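Fold and geometry: a report
The primary structure of each chain is shown beneath.
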Amino acid sequence: MRPPEAFCSRKQRSIATDRGVRSNAVPTSVEAMRALAAPPQQVNTEQSTTHKLTIDKSTQKPRVVILGSGWGAVSLLRQLPKHISNDYDIVVLSPRNYFLFTALLPQVASGNLEQHSIIESMRKIIGPKGRYFEAAVTGIDAAKQTLTANFPKHAGIEQYNFEVPYDILVYSVGSVVNTFGIKGVQEHAFFFKSIANANALRQRVCECFERAALPQTSQKERQKLLTFVVVGGGPTGVEVAAELYDLVRDDLRRFYPDIWRDARVCLVELQDHVLSTYDRRISDYTSQLFSRNGVELLINTKVESINADELTLKGKEGCQTVPYGACVWATGVSMHPLTAHLQQQMPEGTQTHNRSIVTDEYLCVKGSKGTIYALGDAATVEQPKALDRAKEIFDAADTDRNGLLSCKDVACAMQKASKEYSHLEEYSRYLDNKANSRRFGGLVRRAVQDDDAKASQGLQQLAPDCSVNLRHFQDLLQEIDNTLRALPATGQVAGQQGRYLAKLFSKHHIQPGRPTPSEARPFRYSHGGDLAYVGSDKAVMQIPNFGLLRGSGAFLLWRGYETFRQISFRNKCLVAFDSLRSKVFGRDIEFGETDM
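Let us look at the overall build of the protein. Broken down by element type, the protein carries 20 helices and 29 strands. With 596 residues in all, the protein has 53% of them scored as buried. For the protein, restricting intrachain contacts to residue pairs at least 6 apart in sequence, the fraction spanning at least 24 positions comes to 69%. For the protein, the accessible area works out to roughly 28300 Å², and carbon and sulfur atoms hold 49% of it.

Below, the structure is given as structure tokens:
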């Protein structure tokens, strides 16, 4: 078997030291900046010695090795009690020796925040709870319970390889950018997952304006240089487009009064609206605000290819080419190469997901026999299906024992069952919400489409006297189960999973190779809401049981929330100070190589 690709690219690994990010993290050429978008590189371990990290045999504490320094791993480490070292030997491996608050990464790209304000040293986070090693994991032997790790060769220091035995592995390596196999993405687009990516984009925008301001630059070339394209209409893409617009409107137009009007920000989205996972009213508000601000929305548009100078797009009206100065790729994620390597070692039939490793409801990897736990973007929690208990749910709701459930009975049955099958809750709400009754009625109608027309019409209108029997109820649950989707790949999910595992390990003293204690509660995700910055000091928020917020008021709440959500008092102060500084004095646009 070929060794898997490295945990992270060398460019990404080399941007930080234990005390923060190096000042020379941003490359000085276009080719070097594009190299930041390269996939994880394969590590060559043939010419270097592999050392073995030995376990202290004087204790019987199980060794817990945690991979990663993202939301999941850091939430786990922060929530573990200080005395956890009495029960476990904690070892953390990650090629990035700091935690990055990714939610504010677009603000770094626009110069609104400085990079040091949203990072925190892993050694500070871990403290006395365990040990940290800066290394990329390049191989996992699940049978021998051993990891192969690599300290990368950079900054004049030789490559170092070593093995780390583990009793329990906590797998939180995240995901990689999904290019969907589109030609030219890897070579020419800027990805947006790291400090290096944000700094590279920031430098490129500044260099495009400087190049466009030269007297010999033609109008056609100037328009090309000042066209910034963001691909992906999700929260990341929307926030990057909004920050680019703010940068041009608030700061660059003062320094480039003759050319700033040629600047153009375009957002390309495959679907018919942006922020598709949000409420449609938020999507419409964002689209209208972008249109007023001059941010071009290219919806229902697919990227066919990208070359060094232009994108080829395909929409309803055919193909078009868009010359650009910088292109940001923010379209989604795919499976990390190391995750695929781990999947192959699990027993056949236990790992069937094509993007993540499958876990049970306790976040234990299926097929690992209790030795591996996974969380965050790298994991998918296998959700129980309501169809397996359809008869039990039906019988509990059929109080008069006539073998039929009314529309009201179905709503009550789903509401009660949603405590165990959370995906039923939204369908229960559909029945209680007159505005959504037609959508739910469509599901019911398809479940009984072979029955008599009278019953179908009654179900279509969801009249109080309509009813379904057990078979119809089973068909309905099967269709609903088929809509089950994995938890979103967000920091909110990873953070909750990290806190859950911390409680599981500290309260129940998990032992390797043993089943999860029966008294342990399974993981249940609680959605805390969605928010996004949309430009012009405006934001959008949707909060469960509260409603929607849009505009300047939502921006103040968003700003305060993201500031106080920082993981240390130091970061809170730095983010607050940077926000005030940029508002009073403007963004710092002088960026990049200055040596002549």
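Bringing the nonpolar core into the picture now. Judged by nonpolar contacts, the single largest core of 95 residues is most densely connected at Ile66, Leu77, Ile90, Ile118, Phe209, Leu501 and Phe505. Here Ile90 is in contact with Val64, Ile66, Leu77, Leu80, Ile84, Lys129, Gly130 and Arg131, once residues within four sequence places are set aside. Formed by 25 residues, the second largest nonpolar core is a distinct cluster that contains Leu67, Ala149, Leu342 and Ala374.

The next thing to look at is the pairing of strand 27 (residues 530-535). Counting buried positions over the six residues of strand 27 gives five, a clear majority of the element. Bridge count between strand 27 and strand 28 (residues 538-543): five bridges; the pairing is antiparallel. Bridge pairing in strand 28 places Leu531 opposite Met541. As consecutive antiparallel partners, strand 27 and strand 28 are separated by two residues, and within that stretch Ser536 has a phi angle of approximately 55 degrees, a positive value.

Paired through their backbone hydrogen bonds, the strands of a sheet run either parallel or antiparallel. Strand order in this open sheet of four strands is 16-15-14-20, and the pairing throughout is parallel. The open sheet has two edge strands with one neighbour each: strand 16 (296-298) and strand 20 (326-329). Here the strands of the sheet are splayed against their neighbours by 20 degrees on average, with no regard to which way each runs. In this structure, strand 14 (residues 227-231) lies alongside strand 20, joined through four bridges in parallel fashion. Counterpart to Val230 in the pairing with strand 20 is Val328. Where helix 9 (residues 235-255) meets the sheet, it contacts strand 14, strand 15 (264-268) and strand 20, and its direction lies at approximately 175 degrees from that of strand 15.

Here the focus is the pattern of salt bridges. All chains considered together, the criterion is met by 24 salt bridges. Close ionic contact of Asp309 with Lys224 constitutes a salt bridge, the shortest N to O distance being 3.9 Å. Here Asp309 is found in the loop between strand 17 (302-306) and strand 18 (310-315), whereas its partner Lys224 is found in helix 8 (residues 219-225), with 85 residues between them in sequence. In this structure, Asp279 and Arg281 form a salt bridge, with 3.0 Å as the shortest nitrogen-oxygen distance. One connected set of salt bridges, linked through shared partners, spans Glu243, Asp246, Arg249, Asp250, Asp251, Arg254 and Arg587.

Quick look at the pairing of strand 9 (residues 136-141) now. Most of strand 9 is tucked away: five of the six residues are buried. Joining the antiparallel neighbours strand 9 and strand 10 (residues 146-151) is a turn of four residues, in which Gln145 adopts a positive phi near 55 degrees.

The end-to-end C-alpha distance of helix 7 (residues 195-212), which contains 18 residues, comes to 26 Å, matching closely the 26 Å that a straight helix rising 1.5 Å per residue would cover. Within helix 7, 15 of the 18 residues are buried, leaving the element largely enclosed by the surrounding structure.

A word on the sheet that holds strand 18. Taking strand neighbours across the sheet as the criterion, the three strands line up as 17-18-19 in an open arrangement whose pairing is antiparallel. One side of each edge strand has no neighbouring strand; the edge strands of this open sheet are strand 17 and strand 19 (318-323). Ignoring which end each strand starts from, the neighbouring axes of this sheet average 25 degrees apart. In the sheet, strand 18 pairs with strand 19 via six bridges, with the strands oriented antiparallel. Its bridge partner being in strand 19, Leu313 is matched across the sheet by Gln320.

Positionally, Thr563 belongs in helix 19 (residues 552-564). Residue Thr563 is classed as buried on the basis of its relative accessible area, which comes to 8%. For Thr563, the contacting residues outside a window of four places in its chain are Lys572, Val575 and Ala576.

This part is about the packing of aromatic side chains. Considering all chains together, one arrives at 13 aromatic pairs under this definition. A centroid spacing of 5.2 Å and a plane angle of 20 degrees characterise the contact between Tyr533 and Trp558, whose relative ring orientation is stacked. Placement of the pair is Tyr533 in strand 27 and Trp558 in helix 19, with a sequence separation of 25 residues. Look at Trp558 and you get buried, because its relative accessible area is 2%. In this structure an aromatic cluster arises from ring pairing among Trp71, Phe99 and Phe101. When the ring centre of Tyr98 is taken as reference, the NZ or CZ atom of Arg96 above it lies at 5.4 Å.

Note on placement: His336 falls in the loop between strand 21 (333-334) and helix 11 (337-343). Residue classification places His336 among the buried residues on the basis of a relative accessible area of 3%. From its side chain, His336 meets the backbone nitrogen of Leu338 in a polar contact 3.0 Å long.

The rules behind the values
Residues numbered from 1 in each chain as written. Predicted model: local features only at pLDDT ≥ 70, side-chain atom pairs only at ≥ 80, totals over all residues. Heavy atoms only, no water. Helix = DSSP H or I, 4+ residues; strand = E, 2+ residues; numbered from the N terminus. Buried < 20%, exposed > 50% of the residue type's maximum accessible area, 1.4 Å probe, protein only. Contact = heavy atoms within 4.5 Å. Areas by Shrake-Rupley, 256 points an atom, 1.4 Å probe, with all protein chains shown as cover. Core = buried A, V, L, I, M, F, W, Y, C linked by side-chain atoms within 4.5 Å. Pairing = 2+ DSSP bridges. Axes fitted to C-alpha atoms, helices over the stretch in contact; angles between N-to-C directions. Salt bridge = Lys/Arg side-chain N within 4 Å of Asp/Glu carboxyl O. Expected span 1.5 Å × (residues − 1). Phe/Tyr/Trp six-rings, centres within 6.5 Å; stacked < 30°, edge-to-face > 60°. Lys NZ or Arg CZ within 6 Å of the ring centre and 35° of its normal. Polar contact = N/O pair within 3.5 Å; in protein donor to acceptor, adjacent residues only side chain to side chain.

Keep in mind these numbers describe shape, not what the thing actually does.
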